[in-house]
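Structural characterization, general
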Amino acid sequence: MVQHISGSGLRRQLLFWLAALVVFIVFLMMFRTILLPFIAGMALAYFLDPVADRLERLGLSRMWATVVILATFIVVFVLSLMIIIPILASQLNEFIQRIPGYITQLQTYITTSNAAWLPNWLSTQSEGIKENFSKYLSEGVGFLGTLLAQIWNSGKALVDIASLLIVTPVVAFYLLLDWDRMIAKVDGWIPRNHVAVVRQIATELDSTIAGFVRGQGSLCLFLGIYYAVGLSLIGLNFGLLIGFLTGLLSFIPYVGSTVGLVLAAGVAVVQFWPDYVHLIIVVLFFFSGQFIEGNILQPKWVGKSVGLHPVWLMFALFAFGVLFGFVGVLVAVPAAASIGVLVRFALTRYLQSDLYYGQTSIADGETNPGVAEK
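Overview of the structure. The shown structure was predicted, so the numbers you read here are calculated from the model rather than taken from an experiment. (Residues numbered from 1 in each chain as written. Predicted model: local features only at pLDDT ≥ 70, side-chain atom pairs only at ≥ 80, totals over all residues. Heavy atoms only, no water.)

**Observations regarding the packing of aromatic side chains**
- Under the definition given, this model contains eight aromatic pairs.
- With centroids separated by 5.9 Å and ring planes inclined at 80°, the aromatic side chains of Tyr 227 and Phe 285 adopt a geometry described as edge-to-face. Of this pair, Tyr 227 sits in helix H8 (residues 195–234) while Phe 285 is found in helix H11 (residues 276–301), placing the two residues 58 residues apart along the sequence.
- A residue is classified by how much of its surface remains accessible, and Phe 285, at 14% relative accessible area, is buried.
- Taking 4.7 Å as the distance between ring centres and 20° as the angle between the ring planes, the aromatic pair formed by Tyr 227 and Phe 286 counts as stacked. Taken together, the residues span a long stretch of sequence, with Tyr 227 in helix H8 and Phe 286 in helix H11 at a distance of 59 residues. For the pair Tyr 227 and Phe 286, a shared accessibility class is recorded, and that class is buried.
- Ring-pair connections join several aromatic residues into one group, and the members of that group are Phe 222, Tyr 226, Tyr 227, Phe 285 and Phe 286. (Phe/Tyr/Trp six-rings, centres within 6.5 Å; stacked < 30°, edge-to-face > 60°. Helix = DSSP H or I, 4+ residues; strand = E, 2+ residues; numbered from the N terminus. Buried < 20%, exposed > 50% of the residue type's maximum accessible area, 1.4 Å probe, protein only.)

Structure representation (structure tokens):
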């Protein structure tokens, strides 16, 4: 006989998880201005915990495993600051300065090109399209430049960077050192009659978040290096900047590859025109990256059991970004994964409850006469 869940029990569980969600949102709203280094440190510790576990299995203590991991990470990060970051900053500054010239050259190419192959309805609107394209693109670039300048000049960016560089490694060190003890401590707080269900939810949450954050994070790092090195070897201007930007934005499905392809193709047209060979090489190189990502790396590193639909993920990134700023972007993926797991859990409970089967609770001693007994 199938054991059904009472409607009152289901309501209590839903109220509990809704209350937990409300507390989480209120906490983010109240402390969003100081949470950045702590969330970054927590994410770093979570990302590196499997490495620490593997080093423990090789014979190192948890302390030495944590020290080795954080020391290696800091060395790599410092080398990046000394070598890669200055190059990227220089390319970004030069790219921003060249954007107006690039737009002008692209407009010139479009104006002087032979548009005989275009449909009549489109060729008659070409002048209006060019004017609108120039107007909106210029306004967008100007707005972005003004916004970045205001943020940087306000000093908040400097404070955030300083806190990230100083506080994040310290938070990551202590969390990574005590990670297993913290998990065991929290497990001891769970009511014993619900411990199996909570552990099941926690396992599914960990599987979903780890599968996406660790897998997609590794994939973004690989794609950033792949595109940056490849575009630089092709000889594309700002290839390093465009490549790393593509890898970074690849965290959002389809956005990174689209933005990278548009930027690379636009720069290639201005730089190599009328040399079609280099333009084709750039486009084919991006397609090769998409093939490697979609057919080799993503199935292996991310998998298909993550349960995060691309539309839901993009909505979560934008929604949390608008509500909580950059901190919201950092917590958007785990929060979206958690909400998805909890919604699936609630739906499963509903399908097992008397609310779904049309039965009253067992305490009432009655069943809905419309439901046939089996």
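**A short note on the nonpolar core**
- Grouped together as the largest cluster of nonpolar side chains are 27 residues, with contacts concentrated most on Phe 95, Leu 231, Leu 236, Ile 242 and Val 282.
- Those elements that place two or more of their residues in this core are helix H3 (62–112), H8, helix H9 (239–249), helix H10 (255–272) and H11.
- For Phe 95, the residues in contact, after removing those within four places along its chain, are Tyr 102, Phe 238, Leu 241, Leu 263 and Val 267. (Core = buried A, V, L, I, M, F, W, Y, C linked by side-chain atoms within 4.5 Å. Contact = heavy atoms within 4.5 Å.)

**Quick notes on the packing of H8 against H9**
- Where H8 contacts H9, the two axes come as close as 7 Å, and the packing angle between them is 160°. Classified by the angle between their axes, H8 and H9 sit roughly antiparallel to one another. H8 and H9 meet at a crossing whose hand is right-handed. Touching Cys 220, Leu 223, Gly 224, Ile 225, Tyr 227, Ala 228, Leu 231 and Ser 232 of H8 are Gly 239, Leu 240, Ile 242, Gly 243, Phe 244, Thr 246 and Gly 247, all from H9.
- A class-by-class count of the residues in the contact of H8 with H9 yields nine nonpolar, six polar and no charged. (Axes fitted to C-alpha atoms, helices over the stretch in contact; angles between N-to-C directions. Parallel < 35°, antiparallel > 145°, perpendicular 65-115°, else oblique. Left-handed = near helix turned anticlockwise from the far one by under 90°. Nonpolar A, V, L, I, M, F, W, Y, C, P; charged D, E, K, R; others polar.)

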